[in-house]
Amino acid sequence: MSRSRRLFFALWPEETWAVRLIEAAALPLQMAGGRTLSAADLHVTLCFLGAVDQGQIGALRASAATIRARPFDLQFERLEFWPKARIIAATAAQVPRAGSALAQDLGEMARAAGLPPDAKIWRPHVTLVRGTGKPRWPDATEGAWPMLSLRLPVRQFYLAQSQGLGAHTEDPSQGERYDKLAHWPLGG
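Sequence order as written defines the numbering, with residues in each chain counted from 1. Given that this is a predicted model, residues contribute local features only at a pLDDT of at least 70 and side-chain atom pairs are listed and counted only at 80 or more, while totals for whole chains, interfaces and linings are drawn from all residues. Processing note: side-chain calculations cover all non-hydrogen atoms of the structure and skip hydrogens and water entirely.

## Thoughts on the pattern of salt bridges
For step 1, the next point in the chain: We count a salt bridge whenever a side-chain nitrogen from Lys or Arg sits within 4 Å of a carboxyl oxygen from Asp or Glu. Counting across every chain of the model gives 5 salt bridges.
For step 2, the next point in the chain: Arg78 is the salt-bridge partner of Glu80, the closest N and O atoms lying 3.3 Å from each other.
For step 3, the next point in the chain: To sort residues, take the accessible area from a 1.4 Å probe on protein chains only and compare it with the maximum for the residue type: under 20% means buried, over 50% means exposed, and anything in between is partly exposed. The class for Glu80 is buried, based on a relative accessible area of 9%.
For step 4, the next point in the chain: Among the ionic contacts, a cluster of salt bridges with common partners joins Asp73, Arg151 and Arg155.

## Observations regarding the environment of Ala89
For step 1, the next point in the chain: Relative to the assigned elements, Ala89 resides in strand 5 (residues 87–92).
For step 2, the next point in the chain: Taking relative accessible area as the criterion, Ala89 reaches 0% and is therefore assigned buried.
For step 3, the next point in the chain: Note: C-alpha distance between Ala89 and Arg130 (41 residues apart in sequence) is 9.0 Å.
For step 4, the next point in the chain: Apart from the residues within four sequence positions on either side, Ala89 is in contact with Arg78, Leu79, Glu80, Trp82, His125, Val126, Thr127 and Leu128. Runs of H or I in DSSP of at least four residues are treated as helices and runs of E of at least two as strands, each being numbered from the N terminus. Contact criterion: two residues are considered in contact whenever any of their non-hydrogen atoms come within 4.5 Å of each other.

## So, the sheet that holds strand 9 (residues 178–185)
For step 1, the next point in the chain: Two strands make a pair as long as DSSP finds a minimum of two bridges between them. The antiparallel open sheet is built from 4 strands, whose spatial order is 3-1-8-9. The strands lining the two open edges of the sheet, one partner per strand, are strand 3 (44–53) and strand 9. The mean inter-strand angle of the sheet, taken between neighbouring strand axes irrespective of direction, is 20°.
For step 2, the next point in the chain: Taken together, the 8 bridges between strand 1 (residues 4–11) and strand 3 define a ladder with antiparallel strand orientation. Residue pairing across strands places Ala10 opposite Thr45, the latter belonging to strand 3.
For step 3, the next point in the chain: Note on geometry: axes are C-alpha line fits, over the in-contact stretch for helices, and angles between N-to-C directions span 0 to 180 degrees. Against the sheet, helix 4 (residues 97–112) engages strand 1, strand 3 and strand 8 (156–162), with an angle of about 10° to strand 3.

What is shown is where atoms sit, not what they do.
Structure below.
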């Protein structure tokens, strides 16, 4: 019997960018409660694949290598509380066409490989806090907190594996929750 792994395609910022994001959001994150993710775990999901059989991973990697997409930038401008997911996420002000096209191409590639990717429209965000209730942010609009503007240059995308959300400790310094399995450049 073949083992399956929880996989997804994502954008992974450099750790210095992730640390800058956490520092820019420090006050509202302190007020939010919940479990703050470590800088090494911050990413932007492009296409969630779910459980993928170990035997399908090689073909998935080969197909991903054929994707041709242009580089783009994401501009993160505020924090949002998403009550259903109980998360706080940094959200991008606009969705670049090149980013939407990449997410869509990855979803189509996954369907062609017989996988059922998440069908939601791509909304670029970085989850910063999990397991939080509604934060009490002063001077915030409903469910959102303005933050410093941070531009994320996107020049490659990754195939990653979730290590299992339930097994992770409450201390974000206790290791990464994700493994990056492969990456591909944009524009080449």
